[in-house]
2 protein chains.
Amino acid sequence: MSTSFKSAMERLKCSIRDVPDFPKKGIVFKDITPILTNGQLFRLAVTIFTERYQRKSVERIVAIDARGFIFGGALAHHLGVGLTLVRKKGKLPYKSNSIEYGLEYGQGTLEMHIDGVEKNQRVVIIDDLLATGGTAEAAAKLVELSGAEIVEMAFLVELGFLKGRERLEKYPIFSAISY
Amino acid sequence: MSTSFKSAMERLKCSIRDVPDFPKKGIVFKDITPILTNGQLFRLAVTIFTERYQRKSVERIVAIDARGFIFGGALAHHLGVGLTLVRKKGKLPYKSNSIEYGLEYGQGTLEMHIDGVEKNQRVVIIDDLLATGGTAEAAAKLVELSGAEIVEMAFLVELGFLKGRERLEKYPIFSAISY
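Residues numbered from 1 in each chain as written. Chains lettered and ligands numbered in written order. Predicted model: local features only at pLDDT ≥ 70, side-chain atom pairs only at ≥ 80, totals over all residues. Heavy atoms only, no water.

Chemist: What's the story with the packing of helix H3 (residues 39-53) of chain B against helix H4 (residues 68-79) of chain B in this structure? I'm lost.
Modeler: In helix packing, the relevant descriptors are the interaxial angle and the interaxial distance, both defined with respect to the helix axes. Residues and elements named next belong to chain B. Their axes nearest at 10 Å, the elements H3 and H4 cross at an angle of 55°. As judged from the angle between their axes, H3 and H4 are oblique. For the element pair H3 and H4, the recorded crossing hand is right-handed. On the side of H3, the interface is formed by Phe 42, Ala 45, Val 46, Phe 49, Thr 50 and Tyr 53, while H4 contributes Ile 70, Phe 71, Ala 74, Leu 75, His 78 and Leu 79. The residue makeup of the contact of H3 with H4, split by class, is 10 nonpolar, two polar and no charged. (Axes fitted to C-alpha atoms, helices over the stretch in contact; angles between N-to-C directions. Helix = DSSP H or I, 4+ residues; strand = E, 2+ residues; numbered from the N terminus. Parallel < 35°, antiparallel > 145°, perpendicular 65-115°, else oblique. Left-handed = near helix turned anticlockwise from the far one by under 90°. Contact = heavy atoms within 4.5 Å. Nonpolar A, V, L, I, M, F, W, Y, C, P; charged D, E, K, R; others polar.)

Chemist: I keep staring at the interface of chain A and chain B and nothing clicks. Help me out?
Modeler: Note: interface size is frequently given as the accessible area lost on complex formation between the parts. Taken together, the contact pairs 42 residues of chain A with 42 residues of chain B. Where chain A abuts chain B, roughly 3,200 Å² becomes buried across the two surfaces, and 61% of that area is made up of carbon and sulfur atoms. Sorting the residues of chain A by area buried against chain B places A:Thr37, A:His77 and A:Pro93 first, and these three jointly supply 20% of that buried surface. Between B:Arg17 and A:Asp115 there is a salt bridge whose closest N-O contact spans 2.9 Å. Remark: the boundary between chain A and chain B carries 13 residue pairs in polar contact (both at pLDDT 80 or more). Only strand S1 (17-20), strand S2 (28-31), helix H2 (33-36), helix H3 (39-53), helix H4 (68-79) and strand S4 (82-88) of chain A provide two or more residues apiece to the side of chain A that touches chain B. With eight residues, the top contributor of residues to the side of chain A that touches chain B is H4(A). For the side of chain A that touches chain B, the residue count by class is 18 nonpolar, 14 polar and 10 charged. (Buried area = accessible area lost by both parts, 1.4 Å probe. Salt bridge = Lys/Arg side-chain N within 4 Å of Asp/Glu carboxyl O. Polar contact = N/O pair within 3.5 Å; in protein donor to acceptor, adjacent residues only side chain to side chain.)

Chemist: Help me understand unusual backbone geometry, please; the structure alone is not making it clear to me.
Modeler: Among all residues save glycine, negative phi is the norm, and among peptide bonds the norm is trans. A cis amide bond links B:Phe22 to the next residue, B:Pro23, at an omega of -5°. Counting through the fold element by element, B:Pro23 comes out in the loop between strand S1 (17-20) and strand S2 (28-31). Here A:Asp21, not a glycine, exhibits a phi torsion of approximately 60°, which is positive. In this fold, A:Asp21 is placed in the loop between S1 and S2.

Chemist: Any chance you could explain H3(B) here in plain terms?
Modeler: Residues that lie three or four places apart on an α-helix share one face, since the helix turns once every 3.6 residues. All names here are of chain B. Look at H3: 21 Å from first C-alpha to last across 15 residues, which is about the 21 Å you get at 1.5 Å a residue. Buried residues of H3: Gly 39, Leu 41, Phe 42, Ala 45, Val 46, Ile 48, Phe 49, Thr 50 and Tyr 53, and no others. With a side-chain oxygen positioned 3.0 Å from the backbone nitrogen of Gln 40, the residue opening H3 is Asn 38. (Expected span 1.5 Å × (residues − 1). Buried < 20%, exposed > 50% of the residue type's maximum accessible area, 1.4 Å probe, protein only.)

Chemist: Sorry if this is basic, but what is going on with the nonpolar core here?
Modeler: Taken as a class, soluble globular proteins show a tendency for nonpolar side chains to be buried jointly. A:Phe71, A:Leu156, B:Phe71 and B:Leu156 are the most contacted members of the largest nonpolar core, which totals 74 residues. Excluding its chain neighbours within four sequence positions, the residues that come into contact with B:Leu156 are B:Ile32, B:Ile35, B:Ala45, B:Phe49, B:Phe71, B:Asp127, B:Asp128, B:Ser175, B:Ala176 and B:Ile177. (Core = buried A, V, L, I, M, F, W, Y, C linked by side-chain atoms within 4.5 Å.)

Chemist: Looking at this model, I keep getting lost on the packing of aromatic side chains. Mind explaining?
Modeler: The description of an aromatic ring pair rests on the distance of the ring centres and on the angle between the ring planes. All names here are of chain A. Summed over all chains, the structure comprises eight aromatic pairs over all chains. Summarising the aromatic geometry, the rings of Phe 49 and Phe 71 are spaced 6.0 Å apart at their centres and angled 70° between planes, so their arrangement reads as edge-to-face. Highlighted residues: Phe 49 in helix H3 and Phe 71 in helix H4, separated in sequence by 22 residues. Exposure remark for Phe 49: the relative accessible area of 0% places this residue in the buried category. Phe 71 gets classed as buried once you look at its relative accessible area, which sits at 2%. Among the aromatic residues, those joined into a cluster by ring pairs are Phe 42, Phe 49, Phe 71 and Phe 174. Of note, Lys 30 hangs over the ring of Tyr 179, and the distance from its end group to the ring centre comes to 4.1 Å. (Phe/Tyr/Trp six-rings, centres within 6.5 Å; stacked < 30°, edge-to-face > 60°. Lys NZ or Arg CZ within 6 Å of the ring centre and 35° of its normal.)

Chemist: Where do I start with the relation of the copies chain A and chain B in this structure?
Modeler: Applying a rotation about an axis and a shift along it to one chain copy brings it onto the other copy. Placing chain A over chain B gives an RMSD of 0.0 Å and needs a rotation angle of 180°, together with 0.0 Å of translation along the axis. The symmetry that links the two subunits is that of a two-fold axis. For chain A, the smallest separation between a C-alpha atom and the rotation axis is recorded for A:Ala74, amounting to 1.9 Å. The fraction of interface residues of chain A whose copies in chain B are also interface residues reaches 100%, indicating that both copies meet through the same surface. (Least-squares fit on C-alpha atoms with pLDDT ≥ 70 in both.)

Below you can see the structure in the form of structure tokens.
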């Protein structure tokens, strides 16, 4: 890891805002919007992903609802590849595959169009945050259902203490910033 | 309007998929995901926005939850400016302003962080679809609450028969594709 890469990460990390008691009491939320609203920092954040994937023969970016769309849109546009959406239940209009996944209380469902990715396509899955890994795991299963290949799962921020990386141990994982 | 611009629009328009009875019976949904998943078409769609705004001294892109994040992320990254999110109620972690707006049945609420845009900042508001204009109008009010200037509101697709443009008549409106 180069010195300039590390200092870029530190700059981004310093800009993340701690918001106590969101989404509920006792949780300290890592708010990335100060990175987004600063043009230089946002470009820096996207560049981490574009530099990482531009020589890896990536054919499709799969972005997770909803903040994953921000980085997924910028990355796919820069690489000149297509973007596929993984969305919460009922949001996608066309025929979709569904995967249920466990939430802290109850279950959630993620969906992807049946023509969202192609067999053997080289895919990067992207989201802003890796927490427990439940959402990312469901997205990976949707991609695998279509027979595509997961090159890597990419996150701007990883909350290491929630052990999402262990849950996703069968996939290559990259995160720009870790706590 | 140049011939190549018109033919690009036609290529995009032909790629939009009609999905009958979504989100409910009798509505024909214009599904833009075939544009997103094709790298060439997605780049073409984003280029329409980047070329339009790159010489207009735009200082901030405001993107509407959730498909607006796709184009907003790509556009802000390309222009090197910041991105501000307008989200549905309860999704933003920090102190926010709220605007209620009418839905077909009942009301929705959109929110933006109080530090989302700066006074007098030149802002483009972006979303994938202009339908009745209720969401876009609420987003515009949030931007105005912070004293920023709306350069234009930009949409990939406009459903002209729903008359959103009339509702938004006090703002400059651009749409790439119209029905």
